[in-house]
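# Observations on chain architecture
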Amino acid sequence: MAYVREERGWARLILITVSFLFVALMLILPLAQVLSKAFEHGIKPFWEAVSDEYSVKAARLSALTAILAVLLNTFFGIAAAWAITRFAFRGKGFLITIIDIPFAVSPVIAGLVFVMTFGRLGWAYPFLQEHDLKIIFATPGLVLATIFVTLPFVAREIIPVLAARGTDEEEAAVLMGAGLWRTFWKVTLPHIRWALLYGIILCSARAMGEFGAVSVVSGHLRGKTNTLPLHIEILFREYHTLQSFSVATILVIVAILILIARHVVERVGRKEAEYYVR
Amino acid sequence: MSRFFIALLALPLALGWALAPASTAWAAPRELTNISYDPTRELYDEYNKAFTAHWLESQGEEIAIVQSHGGSSKQARTVIEGNEADVVTLALAIDITAIEEAGLIKAGWREEFPDNSCPYTSTIVFLVRKGNPKNIKDWGDLVREGVGVITPNPKTSGGARWNYLAAWAYADRLYNHDEAKVIDFMKKLFANVLVLDAGARGSTNTFVQNGQGDALLAWENEAYLALAETPDQFEIVAPPTSILAEPPVAIVDENADKKGTRDLATAYLQYLYSENGQRIAGKHFYRPSNPAIAQEFKDVFTLSMELITIDDPLFGGWDIAQEKHFNDGGVFDRIYSND
Amino acid sequence: MRAKKSKTLPGFGISLGVTMSYVSFIVLIPMFSLALESADLGPRGFWRLATDSRTLAAIRVSFLCSLAAALINTVFGLILAWTIVRYRFPFRRLIDGLIELPFALPTAVAGISLTVLTADKGWVGYPFALLGIKLAYAKIGIIIAITFVTIPFVARAVQPVLERLSPDLEEAGLLLGAGRARIFLKIILPEIFPALLTGFSLAFARGLGEYGSVIFIAGNKPFSTEIVPLIIMSKLEQFNYDQATAVAILTLVASFAIMFAVNRIQTRAALFAGEK
């Protein structure tokens, strides 16, 4: 854990004030705007919008795609970070940049690449038709697009931390006879867990909120391929502003839940760390 | 430590399992997918209920209708890309033509149903602030100095193309077909445009919520929807001339034949022309194509407006109009280019 | 402190194998389909598109606004991460938790709320309107939207590194009588610089592609507030798949180049820190 030294004086005061101002202006005000719109006419219309059949279906679909995407990207992120920080190989800089591509691609294009591959115009379409498989405009497409958009998060968070640490401890573990799995589990993981956790949290939040890419591969079939963000946008475009902002509040609540989960995890982690020290 | 991380992994897996939608619905009813455009949700919500009941009564079969809404061209694109619609009910004929060119709809779809396959129509009107402080009555008032106009971008919004063409039609009459003067008028009009939103809904929000501009160019039905959300702040002005917006419908032949839903799809679109279907359209602020039913709504719609169609020699149909005005390098681009 | 390239550690084959196949399936193969699509255009068509004055204007707007937003976030992200890690004060947890909000909120909702706030009748826009400054429907609006969407990148990249920073060096610096500014510049900044750079480049690249929130606030007037993703969208609206993908590839190559350069600098910096 970081060693916290409390500084006193003007620097601390100024920095905290700046942080508060920035957060208030850029984050709390927009949030207040959303909430005030959602509860404009009290709790009843809000609840009706949220418990609507299609909202519930959209929420389930969003949860499913986000969970799948986060799981796969976490697994990938760990593998990528291990390969990149622990070994020297040709084309490493290139690989790192490729991992970043999804950030550089406009979400619209991120969706389009899958449409161009698996959709009716794509080269893989005849094969998919033959085997009666549906990827685009069905759940697999949503998952793929979400994975694409959130691919770099976990890897990106772990790589700097892992790179900043030497390999001495791991080498020692291996020399003492520990296998790959054990070395990673017992030696590496404890050091990267916070970074990993940040990565997972960013990845989950982004996966739940992703709109652009998912919108291209969804087809907007109500009750079938509409995720929460799509449902929110469609409600808005159909002149149901209140319902739209009410459903958006679900996503805000999810963000808060993720935050609480993180606190619990952090607290447990700290207790374990104390135990180790003793 | 490790037990903790196993829990961290197991939790989402369990959640995912629990949340996975139960897809084992056996003996599922036949499904009809209607891919439509943005503000038709209420219309088709009510119409689908009416049609499902009608079909059950006349054929004794239960059916389920899956609905999809979005920007018209975007929706057409998803059908081309493999979104398996049985029927499309879009905003512009050119969007359905694009599906036809992709080989999914057979040529001649415009003759398949009455009135060019347009069961309901609409037009472009102005939404102005209560009391009409800038006294905006006709298209000519929009180019006056100090009048702020809000319209979506014709390049990204199907609806906005109707706005543009309606203004063009007005100017063409005014200047007696002198195209240089018409373009000049259009330049003045778009110089008054304060915000060029990507879609119709964005424009309405800019005008209604954020208080920009003095007049919003909008589809009649959307103007009524905006009015319903904020009743006392705005009023609708119907200009003496405007354009006849014709949102067409069609069966997507390839999908309907593959899924064996042709009978259902045909009946679904035909029922739009029934008295019941026409009344539902009128109730949701679309002008019924059946003149007798349209008369029932004469207090809602200004039926005396002179409405020019896209097939008028002035425009020569969608394909020609799109090519001349809206494609890259077309007249609209020239209006905005610096020279 | 650079990681030594190990010959004794196991798992090279499996980790690289997993990485490469995943990246190929999710990124490379689909990207290849995209390139295939734009190939229809031919080099001449591509060149005409790349030199079109309106496309160029949009690219300029997108680049400048993303750059401004990324810089703003680098400064404030660093301050946020610093105060959260180093200080204890009321509502610290709240600030910490709110940082992810921009990811959780669908971009359209963010765009709509930000526009309401910054339009000349909004809570924030009104005082500025009195001074004659337009926020929404101007370039500043685009910068605000992109800044909002990319807030988490820098803060969350720097935070883990700051948390792991060993206090020994700083204490040594203090003992040797170095001032706080000096300690920050000479000891802390080199340590967090790679993370800072990562956050900056991610925010910048993400800003270039942002569509959902920006279109509501931008005004979207050609040559002044039109962004590249909007150009791509309007090509798609005309069913011009090849041109749309070509513009996409154009911006992709540009941001790829920037990220590649940043990654190189970062490797250098890490090397430099290691040799010290």
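## Some thoughts on the packing of helix α4 (residues 93-101) of chain B against helix α14 (residues 318-326) of chain B
For any two helices packed against each other, one specifies the inter-axial angle together with the distance between the axes. Residue and element names in this part refer to chain B. The interhelical angle for the contact between α4 and α14, taken along N-to-C directions, is 100°, at an axis separation of 9 Å. Comparing the axis directions of α4 and α14 gives the class roughly perpendicular. Where α4 approaches α14, its residues A93, I94 and T97 are matched on the opposing element by W318, D319 and Q322. Within the contact of α4 with α14, the residues separate by chemical class into three nonpolar, two polar and one charged.

## Regarding helix α8 (residues 200-208) of chain B
The element α8 of chain B is extensively covered by neighbouring structure, given that nine of its nine residues are classed as buried. Along α8 of chain B, the residues classified as buried are A200, R201, G202, S203, T204, N205, T206, F207 and V208 of chain B.

## What about the interface of chain B and chain C?
Each partner contributes residues to the interface: chain B has 18 residues there, and chain C has 20 residues. When contributions to the side of chain B that touches chain C are tallied by element, the ones reaching two or more residues are α3 (72-80), β6 (193-197) and α8 of chain B. Residue contributions to the side of chain B that touches chain C peak at three residues, all from β6 of chain B. Classifying every residue of the side of chain B that touches chain C gives five nonpolar, 10 polar and three charged.

## Quick word on the nonpolar core
The biggest cluster of nonpolar side chains holds 271 residues, and the ones touching the most others in it are I158 of chain A together with V88 and V252 of chain B. Of the residues forming this core, the biggest block, 18 residues, is contributed by helix α3 (residues 53-86) of chain A. Counting only domains with at least three residues in this core, you end up with domain 1 (30-118 + 246-273) and domain 2 (122-243 + 303-336) of chain B. Sequence-distant contacts of V252 of chain B, that is, excluding residues within four places in its chain, are made with V79, A85, D86, V87, V88, I99, L104 and I105 of chain B.

## Some remarks on the pairing of strand β9 (residues 241-245) of chain B
Residue and element names in this part refer to chain B. Judged by how many residues are buried, β9 sits mostly within the fold: four of five residues are covered. The pairing of β9 with strand β12 (residues 306-308) spans three bridges and is classified as parallel. Opposite I243, over in β12, you have I308 as the bridge partner.

## With respect to the interface of chain C and chain A
With 90 residues of chain C in contact, the opposing surface of chain A contributes 89 residues. Residue composition of the side of chain C that touches chain A, grouped by class: 60 nonpolar, 18 polar and 12 charged.

## Some details on the domain arrangement of chain B
Size of an interface, as often reported, equals the accessible area lost when the parts are brought together. All names here are of chain B. Partitioning chain B into domains gives domain 1 (30-118 + 246-273) and domain 2 (122-243 + 303-336). One C-alpha centre belongs to domain 1, the other to domain 2; they are set 28 Å apart. Counting from both sides, the interface comprises 11 residues of domain 1 and, opposite them, 11 residues of domain 2. The set of elements that each furnish at least two residues to the side of domain 1 that touches domain 2 consists of α3 and α4. Among the elements that take part in the side of domain 1 that touches domain 2, α4 stands out by supplying four residues, more than any other. Its residues placed into classes, the side of domain 1 that touches domain 2 shows five nonpolar, four polar and two charged.

## Quick notes on helix α2 (residues 41-59) of chain B
Count 3.6 residues to each turn of an α-helix, and residues three or four apart come out pointing the same way. Residue and element names in this part refer to chain B. Here α2 contains 19 residues, and its C-alpha end-to-end distance of 26 Å stays within 8% of the 27 Å for a straight helix at 1.5 Å per residue. All of the buried residues along α2 are R41, L43, Y44, Y47, F51 and W55. Projected onto a plane normal to the axis of α2, the buried residues spread over an arc of 120° and lie on a single side. With respect to the buried face of α2, the exposed residues turned more than 90 degrees away are K49, A53 and E57. Structurally, α2 contributes buried residues whose contacts are with β1 (30-36), β2 (63-68), α11 (262-270) and α12 (275-283).

## Brief notes about the sheet that holds strand β3 (residues 87-89) of chain B
Residues and elements named next belong to chain B. Spatial ordering of the open sheet is given by β2-β1-β3-β10, a layout of four strands whose pairing is mixed. The sheet is open, and its two borders are formed by β2 and β10 (249-251), each paired with just one other strand. On average, each strand axis in the sheet is inclined to that of its neighbour by 20°, with strand direction left out of account. Here α11 sits on the sheet and contacts β1, β2, β3 and β10; the angle it forms with β10, its principal contact strand, is near 165°.

Conventions and cut-offs
- Residues numbered from 1 in each chain as written.
- Chains lettered and ligands numbered in written order.
- Predicted model: local features only at pLDDT ≥ 70, side-chain atom pairs only at ≥ 80, totals over all residues.
- Axes fitted to C-alpha atoms, helices over the stretch in contact; angles between N-to-C directions.
- Helix = DSSP H or I, 4+ residues; strand = E, 2+ residues; numbered from the N terminus.
- Parallel < 35°, antiparallel > 145°, perpendicular 65-115°, else oblique.
- Contact = placed C-beta atoms within 7 Å.
- Nonpolar A, V, L, I, M, F, W, Y, C, P; charged D, E, K, R; others polar.
- Buried ≥ 20, exposed ≤ 12 C-beta atoms within 10 Å, placed from the backbone.
- Core = buried A, V, L, I, M, F, W, Y, C linked by C-beta atoms within 7 Å.
- Domains from an automatic or database assignment.
- Pairing = 2+ DSSP bridges.
- Expected span 1.5 Å × (residues − 1).
- Arc of directions from axis to C-beta.

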